[in-house]
Amino acid sequence: MAKSSMLKSSIAKKVAMALSGLFLIMFLSLHFFINMTSVFSADAFNAMSHFMGYNPLIQFVMQPVLVAGVVFHFVMGIVLEIKNRKARPIGYAKYNGAANASWASRNMIISGLVVLAFIGLHFYDFWVQEITYKYIDDNALEPTRYFGDLVGKFESPVRTGLYCLAFLLLSLHLWHGIGSSFQSIGFNNKYSRFLKKVGYCFAIVVPFGFIFIALFHHFNQ
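Fair warning: this is a prediction, and the values are worked out from it, not measured in the lab.

Engineer: Explain the overall build of the protein to me, please; I cannot follow it from the model alone.
Structural biologist: Helix and strand content of the protein: eight helices and zero strands. Ordered by position in the sequence, the α and β elements of the protein form the string α-α-α-α-α-α-α-α. Looking at the protein as a whole, 36% of its 221 residues qualify as buried. Here the protein has roughly 13500 Å² of accessible surface; of this, 70% comes from carbon and sulfur atoms.

And the structure:
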């Protein structure tokens, strides 16, 4: 009974982590769409950013949910990784993981922690700055300030390089994570193979899209 209960608990944690990951992908998609508009139209980017920055539903409901989702997803990932390591037999140390699993799947904890650090920096760099601008310094509304702020973030080659590296690791994280998420929630039917391929495309297109945006603004200063 104890083993059965532990197994159910482990499965429940994996399902919860998978669902939180798929939930975060929706926010990542929206963020990517808004940032991509900055390549084509500064006015469109300013308008969308201003709406996101001053809409009460987004600021006081969706944003806290997003923060909670990020924290939950990565804490759950660390907990599961620790449990998996403890469950491995000692002889498993001689197992050649590279022959049976990709680098991404064997190092999800590493890529995940790097991505988490980047997200923390992103929140500090944008969210805290935005809160300070609006509520502490009490500045007047400037609906056209967002594009200039975004471009300024990519002026430094070091900063731009670290930004690109973070999204490269995010791509690796998503490559394994999306497929694992579908498997964890038991999604296995005639559409599962197609959805996994869509997930792999997402893991390439979106992170490398962010990299393109960063390099575009860096080289067009």
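The rest of the description comes next.
Engineer: Before we go on, may I ask you to explain a nonpolar patch on the surface in this structure?
Structural biologist: Among the surface-exposed residues, V158, L162, L165, L168, W175, I204, V205 and F208 lie close enough to one another that they form a single nonpolar patch of about 750 Å² accessible area. Those elements giving two or more residues to the nonpolar patch turn out to be α7 (157–184) and α8 (192–218). Considering each element in turn, the nonpolar patch owes the most residues, five residues, to α7. With respect to the element layout, L165 can be found in helix α7. A residue is classified by how much of its surface remains accessible, and L165, at 47% relative accessible area, is partly exposed.

Engineer: Explain the packing of helix α2 (residues 42–54) against helix α6 (residues 145–153) here, please?
Structural biologist: Axes are the key here: two packed helices are described by the angle between their axes and the distance separating the axes. Running from N to C, α2 and α6 point in directions that differ by 100°, and their axes come no closer than 7 Å. As summarised for this structure, α2 and α6 are arranged roughly perpendicular, according to the angle between their axes. Within the contact between the two elements, α2 uses A42, F45, N46, S49, H50 and Y54 and α6 uses R145, Y146, F147 and L150. Tallied by class, the residues present in the contact of α2 with α6 amount to six nonpolar, three polar and one charged.

Engineer: Just checking my understanding: could you explain the confidence of the model for the protein for this structure?
Structural biologist: Detailed reading of predicted coordinates is not advised where the pLDDT is low. Chain-level pLDDT for the protein is 77 on average; 73% of the residues reach the 70-or-more range. Per-residue pLDDT stays below 50 along residues 91–95; that stretch engages in one contact with residues further than four places along the chain or on separate chains.

Engineer: Would you take a moment to explain the nonpolar core for this structure?
Structural biologist: Counting 31 residues, the largest nonpolar core has L28, Y163, F167, L174, F202 and F210 as its most contacted members. Elements with a minimum of two residues in this core: α1 (2–40), α3 (56–87), α5 (108–136), α6, α7 and α8. The biggest single contributor to this core is α1, with eight residues.

Engineer: What should I look at first to understand the side chain of N46 in this one?
Structural biologist: The topology assignment puts N46 in helix α2. Residue N46 is classed as buried on the basis of its relative accessible area of 6%. Within the structure, the side chain of N46 is placed 3.3 Å from the backbone nitrogen of Y146, a separation counted as a polar contact. Excluding its chain neighbours within four sequence positions, the residues that come into contact with N46 are P143, T144, R145, Y146 and F147.

Engineer: Looking at this structure, I do not really get the packing of aromatic side chains. What am I missing?
Structural biologist: We describe a pair of aromatic rings using the distance from one ring centre to the other and the angle between the two ring planes. Tallied over the entire structure, the rule returns six aromatic pairs. Centroid distance W175 to Y200: 4.4 Å. Interplanar angle 25°. Geometry classified as stacked. Taken together, the residues span a long stretch of sequence, with W175 in helix α7 and Y200 in helix α8 at a distance of 25 residues. Classification of W175 by relative accessible area gives partly exposed; the value is 37%. Taking 6.0 Å as the distance between ring centres and 40° as the angle between the ring planes, the aromatic pair formed by F212 and F216 counts as tilted. Of this pair, F212 and F216 are both found in helix α8, four residues apart, which corresponds to roughly one turn of the helix.

Engineer: Where do I start with the side chain of H217 in this structure?
Structural biologist: Take H217: it is sitting in helix α8. In this structure H217 comes out as buried when scored by relative accessible area, which is 3%. Other than its neighbours up to four places away in sequence, H217 contacts S38, V39, F147, L150, V151 and F154.

Engineer: Just to check I follow, could you spell out α2 for this structure?
Structural biologist: Given 3.6 residues per turn, any residue in an α-helix points the same way as the ones three and four places further on. Its 13 residues give α2 an end-to-end C-alpha distance of 18 Å, which sits within 8% of 18 Å, the value for a rise of 1.5 Å per residue. Residues of α2 that are buried: F45, N46, S49 and G53. Down the axis of α2, the buried side of the element spans an arc of 100°, and every buried residue falls inside it.

What counts and how
- Residues numbered from 1 in each chain as written.
- Predicted model: local features only at pLDDT ≥ 70, side-chain atom pairs only at ≥ 80, totals over all residues.
- Heavy atoms only, no water.
- Helix = DSSP H or I, 4+ residues; strand = E, 2+ residues; numbered from the N terminus.
- Buried < 20%, exposed > 50% of the residue type's maximum accessible area, 1.4 Å probe, protein only.
- Areas by Shrake-Rupley, 256 points an atom, 1.4 Å probe, with all protein chains shown as cover.
- Patch = residues over 30% accessible without salt bridge, like charges linked within 9 Å, V, L, I, M, F, W, Y side chains within 5 Å.
- Salt bridge = Lys/Arg side-chain N within 4 Å of Asp/Glu carboxyl O.
- Axes fitted to C-alpha atoms, helices over the stretch in contact; angles between N-to-C directions.
- Parallel < 35°, antiparallel > 145°, perpendicular 65-115°, else oblique.
- Contact = heavy atoms within 4.5 Å.
- Nonpolar A, V, L, I, M, F, W, Y, C, P; charged D, E, K, R; others polar.
- pLDDT = per-residue confidence, 0-100.
- Core = buried A, V, L, I, M, F, W, Y, C linked by side-chain atoms within 4.5 Å.
- Polar contact = N/O pair within 3.5 Å; in protein donor to acceptor, adjacent residues only side chain to side chain.
- Phe/Tyr/Trp six-rings, centres within 6.5 Å; stacked < 30°, edge-to-face > 60°.
- Expected span 1.5 Å × (residues − 1).
- Arc of directions from axis to C-beta.

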